[in-house]
Amino acid sequence: MFDLDRWGEIFQAISKNKLRTVLTGFTVAFAILLFTLLFGIGNGLQNTFKSQFKDGAENAVYIMPGRTTKAYKGNQIDKRIQLKNGDYKAILHKYEDKIEYISSRVYKGVRAIYKSEVGNYTVRAVNPNHQFIEKSIIIKGRFLNQFDLNKKAKVLAIGRLVEKDLFGKHSALNKFITLNGINYKVIGVFKDVGGDWEERVINMPISTAQGIFGNNDHLDQIVLTYNPAMDINQSLSFTNNLLKFLKKKHQISPKDQSGIRVKNVAKDKKDVNNFMNVLNFIILFIGFGTLIAGIIGISNIMIFVVKERTKELGIRKALGAKPKAIIGMILQESILITALAGYVGLMLGMAILNWFGPALKSFFIKDPSVSRGVVIGATIILIIAGAIAGYVPAKRAARVKPIEALNAN
Amino acid sequence: MIKLNNLHKSYPIGKKDFLHVLKGIDLHIKEGEFVSIMGSSGSGKSTLLNIVGLLDHHDEGDYFLNDKKIEKLNESKAAGLRNKFLGFVFQSFNLISYKTALENVALPLYYSGVSRKERQIIALEYLDKVGLKDWAKHLPNELSGGQKQRVAIARALVTKPKVVLADEPTGALDSTTTDSVMELLKDINKEGMTVFVITHEEEVAAQTKRIVRLKDGRIISDELTGN
């Protein structure tokens, strides 16, 4: 294979027939360009979806109350459903073995003041385990604990950006912030990969919030993570049961879709994964389709090239070229053109993805790119493709009879 | 060197018919001879050259090249024998258009496995022999007809074959260049090379040492010219 002289022969044949070579390579270059772009965009879409699931645990379940859309058991339509501490306790009691972590949530918009700095933030009052459900990462101090809850302590765990906004370069730890006129002590700062919004949240003990904001036992949401020992189907049957249980408890029609909702993130993720798999399949299908079209294109042109070079091949044979040498020459030329053209397409595609990638963010395409594995795979495919494309023409070239070739004009 | 006994060759025409081109040729050419085959078109002289040149198979009879019987040759073996024993000179030169004179001459050496460096040296030596050393880097379309044919002759000689087969070597040349090409072939013959020329020109045949006349696939005369 690595015969320097033969490479010399091929390079000479190619460089002396530039137009022919360019035309031959064009189809494959174009096919690979399309393939790269499609693949990159597919990856970009996937990245977008992935980043949306980065926030919070993968096995998180959200319980969100709403308003009923059906009258049921003497209850009027459009009844507002209110979660209470009782629900939290009932769920924990009934499904203890199926739950990993559980936390209530109460939301409240607040105006926060530290010295001369003022900002509007969302307070999210939670239980201590919320840290693991939301995947908040403590970078200073500590998160809320059960002791804070029991004491209804006026303490806060604030997001990284809250600290940055209000304290600048100084540490917020053990300082006091005023929220709606009441002072709270900062006991921890956390970061979150879920994005800026998550890092502008202020966490407070749920009991403290219930006492100060409403003096009641109301909850806005309950979040939990299911026992990771369960597989996706088990988790789905668990959340379905949970939904039935809550509907019964709040006297909501079993057919009512909006009285209360239980959102299983794992299911959403599975749905998205299925969707991505279909999308990837389509991309691969189109990509391979164009590649095959490119291969046929090269094969076609190589057959024409063999025909055009019949006389030359005849001369070579008369001078002592064995069929093997002729086959090798045509095959190698085909592989070289395919690989080179393919690489041009690949590089062009990657360059385009690099240039226009950032501009595509608003179309849900994040960091469209092609991995190294794909590049290596593409190289191998291109070499095989070149060999396939060259096979028929090479066989044909080997069958050329020297006399007929020499008589051909 | 070349020995033909009762050689037959026919070509199929359509599905049933055959054209019987060579009808029993007996010919013996010894080493160092300078033979011309003469005949009008259709006499079978080109077919004879193709068979002698291992570019085509014969149907019947025996063919001995360099005392070796030629039979059941596959393409690969035929190519090897052509490279080793035969040098071709064609009417239409048959140089490869995108290769320089030097590269054209060096090509047979590539197929016999000579190293690149050596190829260059030997090819240049043979170009010098035909008086075209200064034209080594020129492409065929930059050469005159006579120069092209001399490049082709250098190419035919470069592997030191046993026989040079020339198919109408002067057919595409004017009379002056015809003479110079014939002089070159004579010189080669003087050095001991067996030369086998096919022509329909009396003047060309007259410059060889032996004339074999072909008509309708049979030899009708075989005489020495006394050159």
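That block above? That's the structure.
Described below are features of the structure shown in this document. (Residues numbered from 1 in each chain as written. Chains lettered and ligands numbered in written order. Predicted model: local features only at pLDDT ≥ 70, side-chain atom pairs only at ≥ 80, totals over all residues.)

1. Some thoughts on the interface of chain B and chain A
Link 1 in the chain: Each partner contributes residues to the interface: chain B has 20 residues there, and chain A has 17 residues.
Link 2 in the chain: Breaking the side of chain B that touches chain A down by element, the ones donating at least two residues are helix 2 (75-85) and helix 3 (101-111) of chain B.
Link 3 in the chain: Counting residues per element, the side of chain B that touches chain A draws most heavily on helix 2 of chain B, which supplies six residues.
Link 4 in the chain: Classifying every residue of the side of chain B that touches chain A by side-chain character gives ten nonpolar, six polar and four charged. (Contact = placed C-beta atoms within 7 Å. Helix = DSSP H or I, 4+ residues; strand = E, 2+ residues; numbered from the N terminus. Nonpolar A, V, L, I, M, F, W, Y, C, P; charged D, E, K, R; others polar.)

2. A look at the sheet that holds strand 9 (residues 210-215) of chain B
All names here are of chain B.
Link 1 in the chain: Spatially, six strands are ordered 6-7-8-3-9-10 in an open sheet, and the strand pairing comes out mixed. Only two strands of the sheet have a single neighbouring strand rather than two, namely strand 6 (86-89) and strand 10 (218-224). The mean angle between the axes of side-by-side strands here comes to 20°, regardless of whether they run parallel or antiparallel.
Link 2 in the chain: Bridging between strand 3 (residues 34-38) and strand 9 involves four bridges; their strand directions are parallel. The residue bridging serine 36 from the neighbouring strand is isoleucine 211, located in strand 9. (Pairing = 2+ DSSP bridges. Axes fitted to C-alpha atoms, helices over the stretch in contact; angles between N-to-C directions.)

3. Quick notes on the packing of helix 3 of chain B against helix 5 (residues 145-157) of chain B
Residue and element names in this part refer to chain B.
Link 1 in the chain: Packing of helix 3 against helix 5 brings their axes to within 7 Å, and their N-to-C directions diverge by 30°. The pairing of helix 3 with helix 5 is recorded here as roughly parallel in orientation. Like other packed secondary-structure pairs, helix 3 and helix 5 cross with a definite hand, here right-handed. The segment helix 3 lies against helix 5, with Ala101, Asn104, Val105, Leu107 and Pro108 engaging Val151, Ala154 and Arg155. (Parallel < 35°, antiparallel > 145°, perpendicular 65-115°, else oblique. Left-handed = near helix turned anticlockwise from the far one by under 90°.)

4. Let's talk about the sheet that holds strand 5 (residues 68-69) of chain B
Sheet strands pair by backbone hydrogen bonding; their relative direction is either parallel or antiparallel.
Link 1 in the chain: If you walk across this open sheet you meet the four strands as 2-1-4-5 (chain B), and the pairing is antiparallel. Two strands in the sheet have a free side with no partner beyond their single neighbour: strand 2 (17-29) and strand 5 of chain B.

5. Considerations on helix 3 (residues 85-94) of chain A
All names here are of chain A.
Link 1 in the chain: Three or more residues of helix 3 are buried, namely Asp87, Tyr88 and Ile91. For helix 3, the angular spread of buried residues about the axis comes to 100°, placing them on one side. Opposite its buried face, helix 3 presents the exposed residues Gly86, Lys89 and His93, each directed more than 90 degrees away.
Link 2 in the chain: Packed against the buried residues of helix 3 are strand 2 (83-84), strand 3 (99-114), strand 10 (218-219) and strand 11 (221-226). (Buried ≥ 20, exposed ≤ 12 C-beta atoms within 10 Å, placed from the backbone. Arc of directions from axis to C-beta.)

6. Here's the deal with the packing of helix 11 (residues 323-356) of chain A against helix 12 (residues 372-399) of chain A
Residue and element names in this part refer to chain A.
Link 1 in the chain: Two elements in contact, helix 11 and helix 12, have axes separated by 7 Å at closest approach and are oriented at 145°. Like other packed secondary-structure pairs, helix 11 and helix 12 cross with a definite hand, here right-handed.
Link 2 in the chain: Of the residues in the contact of helix 11 with helix 12, the class split is 21 nonpolar, five polar and one charged.

7. Quick notes on the pairing of strand 9 (residues 201-205) of chain A
Each regular strand displays side chains that alternate between the two surfaces of the sheet.
Residue and element names in this part refer to chain A.
Link 1 in the chain: Judged by how many residues are buried, strand 9 sits mostly within the fold: five of five residues are covered.
Link 2 in the chain: Side-chain alternation along strand 9 places Val201, Asn203 and Pro205 on one buried face and Ile202 and Met204 on a second face that is also buried.
Link 3 in the chain: One ladder, built from five bridges, connects strand 4 (residues 117-126) with strand 9; its direction is parallel. Residue pairing across strands places threonine 122 opposite valine 201, the latter belonging to strand 9.
Link 4 in the chain: Looking at chain direction, strand 6 (residues 155-159) and strand 9 are connected through two bridges and run antiparallel. Note on strand 9: the bridge partner recorded for alanine 157 is asparagine 203.

8. A word on the pairing of strand 11 of chain A
Residue and element names in this part refer to chain A.
Link 1 in the chain: With five of six residues buried, strand 11 is to be regarded as a mostly interior element.
Link 2 in the chain: Both strand 1 (residues 60-65) and strand 11 contribute to a ladder of four bridges, which runs antiparallel. Bridge pairing in strand 11 places alanine 60 opposite threonine 225.
Link 3 in the chain: Two strands pair when backbone bridges link them, and strand 3 and strand 11 are joined in this way by six bridges, in the antiparallel orientation. Within the sheet, the bridge partner assigned to isoleucine 99 lies in strand 11 and is tyrosine 226.

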